[in-house]
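Here is how the chains run, residue by residue.
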Amino acid sequence: MDYISTRNKEVSQSASESIVKGISVDGGLFVPSSFPNITIDELASLEEKSYKERAAYVISKFLTEYTYEELLELTTKAYSKFDSEETAPLVKIDEGSFVMELWHGPTCAFKDMALTLLPHLMTASRLKVGAKDKTLILVATSGDTGKAALEGFSDVEGTEIIVFYPNDGVSDMQKLQMATQEGKNVHVAAIEGNFDDAQSGVKRIFADKEVNDKLLELGYKLSSANSINWGRLVPQIAYYISAYVDLVSSEEIAMGDKVNFCVPSGNFGNILAAYYAKRMGLPVNKLICASNENNVLTDFMNTGVYDINREFYKTTSPSMDILISSNLERLLFELFDRDDSKINELMNKLKTEGKYSIDKSLIEKNGFVGGCCNVEDTKETIANVFDEYGYLLDTHTAVAMNVYSNYVVATEDYTPTVVVSTASPYKFPCDVLEAITGKYEEDAFEAGKKLVLESALQMPESIAKLKEKKVLHKDVIKVEDMANTVIKYCGGKN
Ligand SMILES: *Cc1c(COP(=O)(O)O)cnc(C)c1O
């Protein structure tokens, strides 16, 4: 199967090339030339399979240069790093509502579902395309992608990785996770700005010919580990299919019944993967897109207007503090029946006016609904779910749970629903502890210890061990200096 650019359908290349490049030269994002199907019989055949087998099966439909066996080897390596046999366990909260825990990987956020696999895919893809230059992975992170990418790419042959994160925009735990990362090929810098500044800065570097030439002289070609890279999205499709199969296996639904997914969203990669699963034929009713106060996506879902000219809020769910959701471009491409000139028009509007609008019926027709909640509601939801069900939510998942509850009240849609849980509560211990005890503990490790006493949930080992680790990365830079910093890290002079 070939991959085409959302901004120029004439660009067509293999999956390996799209993974190695990360983003198309025209600034567009790679998408599969068509969607493979998954039939009810195939879904039934997955019931007997383990997670890594299900993932290899689904991914093989998209990465056709790879055999199932090849992919199974890679998914086996990737998911052996998880602390759950099931990899992405589904927990029943109440009749018809479930939580899919995607945070059992090495960095305790859902980014591990893809970023434990991407380095293996990158290495294999580099071989397939015969890459000679080193692959330089540039990452902008709102907190979780950075650590997961660092962990995944640390000491991976043929790669160098640089992560930029907003200095005041990530949790203490997230910052410490990144600042203590070991590995000969890893670099981390905080920027004086928010996530959108970091992401725009990275995109500018991708588009800057001078910088690219300089890097080439130094022996590097750029790629991305953000969800603009197709290699990030494709492993995410697998867990939606796996969750469905689990619901059938546990007799919560009958094969063929529809389900809803509710996804705490930021850059729109996670929920987009659910949409792709639906397009493959997975029986999906609604895709509920949940946001915090940075509710640009909620407004888009409800009105068709996407407008980033608004205040940026720092919330207790920092990984969703995003106004420019990159992957929306891939959804627009589908909503407009793959009209690349329309995408160019909309993306130009976004660049020049910071807004665009589309017919809202296109969004509804494709099953999307949006909702949002604020920091106060988030806290209350953590407390309520803990009191009522003894289940501890992190701040991001709590946003989704709140939006889902309000959705049910408003619509009386009782379709079985999977709320996607994107992080361990121990990544955001101060806010989670405050929600359930009413007391704020400033020290993240102290807060974590108290959470252990309050809840039945164990602290993940990788977080417990963080306190002993040495801080290795201390650079704080200005947004304007990002390109020069990249060149410096690659051994060049600026
Ligand atoms: C990245 C992230 C999100 C947002 O996911 P997108 O794919 O960017 O929409 C939500 N919650 C957590 C904990 C995350 O790390």
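What you see is a predicted model; the values in this text were computed from it and never measured.

### Re the overall build of the chain
Then step 1. Check the secondary structure of the chain and you find 22 helices and 16 strands.
Then step 2. Relative to the 2.2 N^0.38 estimate, which gives 23 Å for 494 residues, the radius of gyration of the chain is 21 Å and therefore close to what a compact globule would have.
Then step 3. Along the longest, intermediate and shortest principal axes, the C-alpha atoms of the chain span 60 × 50 × 45 Å.
Then step 4. For the chain, with 494 residues in total, the buried portion stands at 61%.
Then step 5. Of the contacts made within the chain by residues no fewer than 6 positions apart, 74% connect residues no fewer than 24 positions apart.
Then step 6. Accessible area for the chain stands at about 19,000 Å²; split by element, carbon and sulfur atoms hold 46% of it.

### A word on the site of the ligand
Then step 1. Close to the ligand lie 15 residues; Lys111, Asp144, Gly266, Asn267 and Asn270 are nearest.
Then step 2. Within the contact set of the ligand, an oxygen atom lies 2.7 Å away from a backbone nitrogen or oxygen of Gly266.
Then step 3. Taking Asn267, its main chain carries an N or O atom lying 2.7 Å from an oxygen atom of the ligand.
Then step 4. About the coverage of the ligand: the protein hides 98% of its 380 Å² of free accessible area.
Then step 5. Partitioning the shell around the ligand into residue classes produces 5 nonpolar, 8 polar and 2 charged.

### Regarding the pairing of strand β5 (residues 97–101)
Then step 1. Most of β5 is tucked away, with 5 of its 5 residues classed as buried.
Then step 2. Neither face of β5 is left uncovered, since the one carrying Ser97, Val99 and Glu101 and the one carrying Phe98 and Met100 both have all their residues buried.
Then step 3. As paired elements, strand β4 (residues 90–94) and β5 share 4 bridges and run antiparallel to each other. Its bridge partner lying in β5, Asp94 is registered against Ser97.
Then step 4. Linking two consecutive strands that pair antiparallel, namely β4 and β5, is a turn of 2 residues; a positive phi of about 80 degrees is found at Gly96 within it.
Then step 5. Here 5 bridges tie β5 to strand β15 (residues 417–421), and the two strands are oriented parallel to one another. Note that in β15 the partner of Phe98 across the bridge is Val418.

### Some words on the packing of helix α3 (residues 51–62) against helix α4 (residues 68–79)
Then step 1. Closest axis-to-axis distance for the α3/α4 pair is 8 Å, and the angle between their directions is 135 degrees. Regarding the angle of α3 to α4, the classification is oblique. The interaxial crossing formed by α3 with α4 has right-handed handedness. Along its contact with α3, which presents Tyr51, Lys52, Glu53, Ala55, Ala56, Tyr57, Ile59 and Ser60, the element α4 presents Tyr68, Leu71, Leu72, Thr75, Thr76 and Tyr79.
Then step 2. Considering only residue class, the contact of α3 with α4 consists of 9 nonpolar, 3 polar and 2 charged.

### Some details on the packing of helix α9 (residues 195–207) against helix α22 (residues 482–489)
Then step 1. One way to put it is that α9 packs onto α22 with a least axis distance of 9 Å and a crossing angle of 65 degrees. In this structure, α9 meets α22 at a crossing whose hand is right-handed. For the pair α9 and α22, the contacting residues are Asp197, Ala198, Gly201, Val202 and Ile205 in the first and Met482, Ala483 and Val486 in the second.
Then step 2. Among the residues forming the contact of α9 with α22, the class breakdown is 6 nonpolar, 1 polar and 1 charged.

### Regarding the nonpolar core
Then step 1. Of all hydrophobic cores here, the largest spans 107 residues; its most connected members are Leu63, Tyr240 and Ile241.
Then step 2. In terms of residue count, helix α11 (residues 230–249) provides more of this core than any other element does, 13 residues in total.
Then step 3. Every residue in contact with Ile241, bar those within four places of it in the chain, is listed here: Ile38, Leu43, Leu46, Val58, Ala277, Met280 and Leu282.
Then step 4. Formed by 37 residues, the second largest nonpolar core is a distinct cluster that contains Trp103, Met173, Leu393 and Leu433.

### Considerations on the packing of aromatic side chains
Then step 1. Inspection of the entire model under this criterion finds 14 aromatic pairs.
Then step 2. Ring geometry for Tyr275 and Phe368: centres 5.5 Å apart, planes at 35 degrees, overall tilted. Of this pair, Tyr275 sits in helix α12 (residues 269–280) while Phe368 sits in strand β14 (residues 368–372); the two residues are 93 residues apart in sequence, bridging distant segments of the chain. Each member of the pair, Tyr275 as well as Phe368, carries the same accessibility label: buried.
Then step 3. The ring centre of Tyr66 lies 4.5 Å from the NZ or CZ of Lys128, which sits over that ring.

### Overview of α4
Then step 1. Between the first and last C-alpha of α4 there are 16 Å, a value that for 12 residues agrees with the 16 Å anticipated at 1.5 Å per step.
Then step 2. Those residues of α4 that are buried are in contact with α3, α5 (112–115), α6 (118–129) and α11.

### Quick look at the side chain of Asp321
Then step 1. Topologically, Asp321 is positioned in the loop between β12 (305–307) and α14 (328–335).
Then step 2. Buried charge without a salt bridge: Asp321, with Lys314 as the nearest opposite-charge side chain at an N-O distance of 8.1 Å.
Then step 3. A distance of 3.0 Å separates the side chain of Asp321 from the side chain of Asn294, its partner in a polar contact.

### A short note on the sheet that holds strand β16 (residues 476–477)
Then step 1. Spatial ordering of the open sheet is given by β9-β6-β7-β8-β16, a layout of 5 strands whose pairing is parallel. Looking at the sheet topology across the chains shown, the edges are occupied by β9 (220–224) and β16.
Then step 2. Running over the sheet, helix α7 (residues 144–153) touches β6 (134–140), β7 (159–166) and β8 (186–191) and is turned about 165 degrees from β7.
Then step 3. Packing of α9 onto the sheet brings it into contact with β6, β7, β8 and β9, and relative to β6 it is tilted by some 150 degrees.

### With respect to unusual backbone geometry
Then step 1. Its identity as a non-glycine residue notwithstanding, Asp155 has a phi of 60 degrees, on the positive side.
Then step 2. By the secondary structure assignment, Asp155 is in the loop between α7 and β7.
Then step 3. Residue Glu251 is not a glycine yet carries a positive backbone phi of 60 degrees.
Then step 4. Classification of Glu251 as exposed rests on a relative accessible area of 71%.

### Notes on the state of the cysteines
Then step 1. Tallied over the entire structure, the rule returns 0 disulfides.
Then step 2. For the unlinked cysteine Cys262, the closest cysteine sulfur is that of Cys289, found at 8.6 Å.

### Some points on the pattern of salt bridges
Then step 1. Going through the model one piece at a time under the given rule, you end up with 23 salt bridges.
Then step 2. One salt bridge in this structure joins Lys147 and Glu151, with 3.4 Å as the shortest N-O distance. Taken together, the residues span about one helical turn, with Lys147 and Glu151 both in helix α7 at a distance of 4 residues.
Then step 3. The exposure class of Glu151 is partly exposed, given its relative accessible area of 34%.

Cut-offs applied
Residues numbered from 1 in each chain as written. Predicted model: local features only at pLDDT ≥ 70, side-chain atom pairs only at ≥ 80, totals over all residues. Heavy atoms only, no water. Helix = DSSP H or I, 4+ residues; strand = E, 2+ residues; numbered from the N terminus. Rg over C-alpha atoms; globule rule 2.2 N^0.38 Å. Buried < 20%, exposed > 50% of the residue type's maximum accessible area, 1.4 Å probe, protein only. Contact = heavy atoms within 4.5 Å. Areas by Shrake-Rupley, 256 points an atom, 1.4 Å probe, with all protein chains shown as cover. Near = heavy atom within 4 Å. Polar contact = N/O pair within 3.5 Å; in protein donor to acceptor, adjacent residues only side chain to side chain. Nonpolar A, V, L, I, M, F, W, Y, C, P; charged D, E, K, R; others polar. Pairing = 2+ DSSP bridges. Axes fitted to C-alpha atoms, helices over the stretch in contact; angles between N-to-C directions. Parallel < 35°, antiparallel > 145°, perpendicular 65-115°, else oblique. Left-handed = near helix turned anticlockwise from the far one by under 90°. Core = buried A, V, L, I, M, F, W, Y, C linked by side-chain atoms within 4.5 Å. Phe/Tyr/Trp six-rings, centres within 6.5 Å; stacked < 30°, edge-to-face > 60°. Lys NZ or Arg CZ within 6 Å of the ring centre and 35° of its normal. Expected span 1.5 Å × (residues − 1). Lys, Arg positive; Asp, Glu negative; His and termini not counted. Salt bridge = Lys/Arg side-chain N within 4 Å of Asp/Glu carboxyl O. Disulfide = S-S within 2.5 Å.

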